[in-house]
Amino acid sequence: MNAFSFLKLKTGTEQTMVIDKGQSPEFIDNYLRVCGKYITFIKFGWGTSAVQEREIVSEKIKSYKKYGIKTYPGGTLFEYCFSKGFFEEYLLECKNLGFECIEISDGSMDLNPKDKDYAIKMAKEYGFIVLSEVGKKSIEKDSEFEILERIELVKKDIESGADFVIIEGRESGKSIGLFDDKGNLKKEELEILAENVPVNKIIFEAPNKNQQVDFILRFGNGVNLGNISFEEVISLETLRKGLRGDTFLKS
């Protein structure tokens, strides 16, 4: 039971995705006591799971599972394995390690639509929850996407079977996806997106507080947010619950 339980704060169905950048099992065990119930997905960022001992990766996955948290390797590792011709080996290793989800992305490589469709469907056949990602890691390449093109990519991934589609925001949250060079939300583009795709299927990468506030004020405390750091999980939850000035009494 939380402190101040008389407040009867609402719980929602929102998805919160947090990045594990290589934290130790000991850190995870301690920190999840504080924030574990507020995390839905843990992404083992980039290729970090490939430079840790298998036993450590499996141990961390088991710790997350104790809190009902679903884990997956970062999309960059998928892209590396796919480009090297090791996609099925990758899926099998993910299964053996205990990952429940797979990210299918093309942020660092060019993946044609047929290959992305194949990758999503194959991951589903292996029994994974699939999170696809739309957007490029390169600011220059990502800026080439018009909002309507981004929407079509989202729709295609959903049609292929993706359970959620992540809108690229990177760790900086600047000059990428739906954010300008100062990290402010491009609200006109967001409205066009919201009119054309099911927002409950979207996870918005929003590493910065002002971005989290904007999404919560627009879509409510149940909006799906990603690229949240461990240090910001509790802070984000207070924003969702209207317990911080920026969203006071909005829950």
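Description of the structure in this document. Being a predicted model, the structure only gives us computed values, none of them experimental.

1. A closer look at the overall build of the chain
And step 1. A tally of helices and strands in the chain yields 10 helices and eight strands.
And step 2. Taken over the C-alpha trace, the chain has a radius of gyration of 18 Å; the compact-globule value for 251 residues is 18 Å, and the two agree within 12%.
And step 3. In terms of principal-axis extent, the alpha carbons of the chain reach across some 55 × 45 × 30 Å.
And step 4. At a minimum sequence separation of 6, the contacts of the chain that also span at least 24 residues come to 72%.
And step 5. Per element, the accessible surface of the chain, about 12,200 Å² overall, is 52% carbon and sulfur.

2. Observations concerning the pattern of salt bridges
Pairing between side chains becomes possible if they bear opposite charge and their charged atoms approach one another.
And step 1. Summed over the entire model, instances satisfying the criterion amount to 16 salt bridges.
And step 2. Among the salt bridges present, the one from Asp20 reaches Lys60, with a minimum N-O distance of 3.3 Å. Within this pair, whereas Asp20 is found in strand 1 (residues 16-20), its partner Lys60 is found in helix 2 (residues 54-65), the two being separated by 40 residues in sequence. Each member of the pair, Asp20 as well as Lys60, is classed as buried.
And step 3. Lys187 is the salt-bridge partner of Asp214, the closest N and O atoms lying 4.0 Å from each other. Of the two residues, Asp214 sits in helix 9 (residues 209-219) while Lys187 sits in helix 8 (residues 187-196), which places them 27 residues apart along the sequence.
And step 4. Linked through salt bridges whose partners overlap, the residues forming this network are Glu133, Lys137 and Glu168.

3. Some details on the packing of aromatic side chains
And step 1. Counted according to the given criterion, the structure contains 16 aromatic pairs.
And step 2. Plain terms: the ring middles of Tyr31 and Phe230 are 5.8 Å apart, the flat faces sit at 80 degrees to each other, and that makes the pair edge-to-face. Of the two residues, Tyr31 sits in helix 1 (residues 25-35) while Phe230 sits in the loop between strand 8 (225-228) and helix 10 (233-240), which places them 199 residues apart along the sequence.
And step 3. An angle of 50 degrees between the planes, with centres 5.5 Å apart, marks the rings of Phe78 and Phe82 as tilted. One end of the pair is Phe78 and the other is Phe82, both in helix 3 (residues 75-83) and four residues apart, which spans about a single turn.
And step 4. Each member of the aromatic cluster is reached from another via a ring pair, and the members are Phe78, Phe82, Phe87, Tyr90 and Tyr118.
And step 5. Lying over the aromatic face of Phe128, Lys95 brings its terminal NZ or CZ to 4.4 Å of the ring centre.

So, how was this worked out
- Residues numbered from 1 in each chain as written.
- Predicted model: local features only at pLDDT ≥ 70, side-chain atom pairs only at ≥ 80, totals over all residues.
- Heavy atoms only, no water.
- Helix = DSSP H or I, 4+ residues; strand = E, 2+ residues; numbered from the N terminus.
- Rg over C-alpha atoms; globule rule 2.2 N^0.38 Å.
- Contact = heavy atoms within 4.5 Å.
- Areas by Shrake-Rupley, 256 points an atom, 1.4 Å probe, with all protein chains shown as cover.
- Salt bridge = Lys/Arg side-chain N within 4 Å of Asp/Glu carboxyl O.
- Buried < 20%, exposed > 50% of the residue type's maximum accessible area, 1.4 Å probe, protein only.
- Phe/Tyr/Trp six-rings, centres within 6.5 Å; stacked < 30°, edge-to-face > 60°.
- Lys NZ or Arg CZ within 6 Å of the ring centre and 35° of its normal.

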